[in-house]
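The lines below spell out each chain.
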Amino acid sequence: KLFTADDGNSKRMEKVAILDVDYHVGNGTASIFYSDPSVLVVSIHCDPDFEYPFHSGFADQTGDGDGVGTTLFLPLPPSTDWDTYSKRGLQPALEAIADFGAEALIVSLGLDTHRNDPVTLRRAGFSLQGNDYVEMGRQMGKAITPLNIPTIFLQ
């Protein structure tokens, strides 16, 4: 469980969400919490049929034991643009976080979804551009603000 001390007091967080917006699946994070019903792991990433790791990140991998339903993999096709990323990735992710009732949110902010990232040039890649990340932040803020939960962005 996680604790916070922003006002000098500690609070036990019973439900925490992790949102991974990196190009590759957040399989390491998901494996840590795969059986934990108190942590929702959501990963928006390239479809593992096209990008490594080819064994993880499929939509039907949803958790194990008590954690079934607390892993949400949102694989997207190569060359995904902002419209597809937003509609098929970010919006369902943010809805799942709200529905889960998270008391805190950790965002794993990977920027290798940019169309000029070396991963795009050498592999399947996505096609997000600079202003798309501004819009991503706006959409996250709009969805997270009403939840009134502590949120941290890590890169």
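Located above this text is the structure these notes cover.
Everything in this summary refers to the structure shown in the same document. (Residues numbered from 1 in each chain as written. Predicted model: local features only at pLDDT ≥ 70, side-chain atom pairs only at ≥ 80, totals over all residues. Heavy atoms only, no water.)

Some words on the side chain of Asp22
- With respect to the helices and strands, the residue Asp22 is situated in the loop between strand 3 (16-20) and helix 1 (27-33).
- On the basis of relative accessibility, which here comes to 18%, the residue Asp22 falls in the buried class.
- Within polar-contact distance, the side chain of Asp22 engages the backbone nitrogen of His24 at 3.0 Å. (Helix = DSSP H or I, 4+ residues; strand = E, 2+ residues; numbered from the N terminus. Buried < 20%, exposed > 50% of the residue type's maximum accessible area, 1.4 Å probe, protein only. Polar contact = N/O pair within 3.5 Å; in protein donor to acceptor, adjacent residues only side chain to side chain.)

Structural notes on helix 2 (residues 82-100)
- Relative to the 27 Å expected for 19 residues at 1.5 Å per residue, helix 2 spans 25 Å between its end C-alpha atoms, a close match to the ideal helical length.
- At Leu90, helix 2 is deflected by roughly 30 degrees, the largest bend along its length, and proline Pro92 occurs up to four residues later in sequence.
- For helix 2, the set of buried residues is Trp82, Tyr85, Ser86, Gly89, Leu90, Ala93, Leu94, Ala96, Ile97 and Phe100.
- Residues of helix 2 that are buried make contact with strand 3, strand 4 (39-46), strand 5 (71-76), strand 6 (104-108) and helix 4 (130-144).
- One or two residues past the end of helix 2 sits Gly101, with phi positive at roughly 80 degrees. (Expected span 1.5 Å × (residues − 1). Bend = angle between axes of the 7 residues up to and from the residue. Contact = heavy atoms within 4.5 Å.)

What about the packing of helix 2 against helix 4?
- Here helix 2 crosses helix 4 at 25 degrees, and the two axes come no closer than 11 Å. With respect to each other, helix 2 and helix 4 are oriented roughly parallel. Crossing hand, helix 2 versus helix 4: right-handed. Residues Trp82, Tyr85, Ser86, Leu90, Gln91 and Leu94 of helix 2 form the contact with helix 4, whose participating residues are Asp132, Glu135, Met136, Gln139, Met140 and Ala143.
- Among the residues making up the contact of helix 2 with helix 4, the classes are represented as 7 nonpolar, 3 polar and 2 charged. (Axes fitted to C-alpha atoms, helices over the stretch in contact; angles between N-to-C directions. Parallel < 35°, antiparallel > 145°, perpendicular 65-115°, else oblique. Left-handed = near helix turned anticlockwise from the far one by under 90°. Nonpolar A, V, L, I, M, F, W, Y, C, P; charged D, E, K, R; others polar.)

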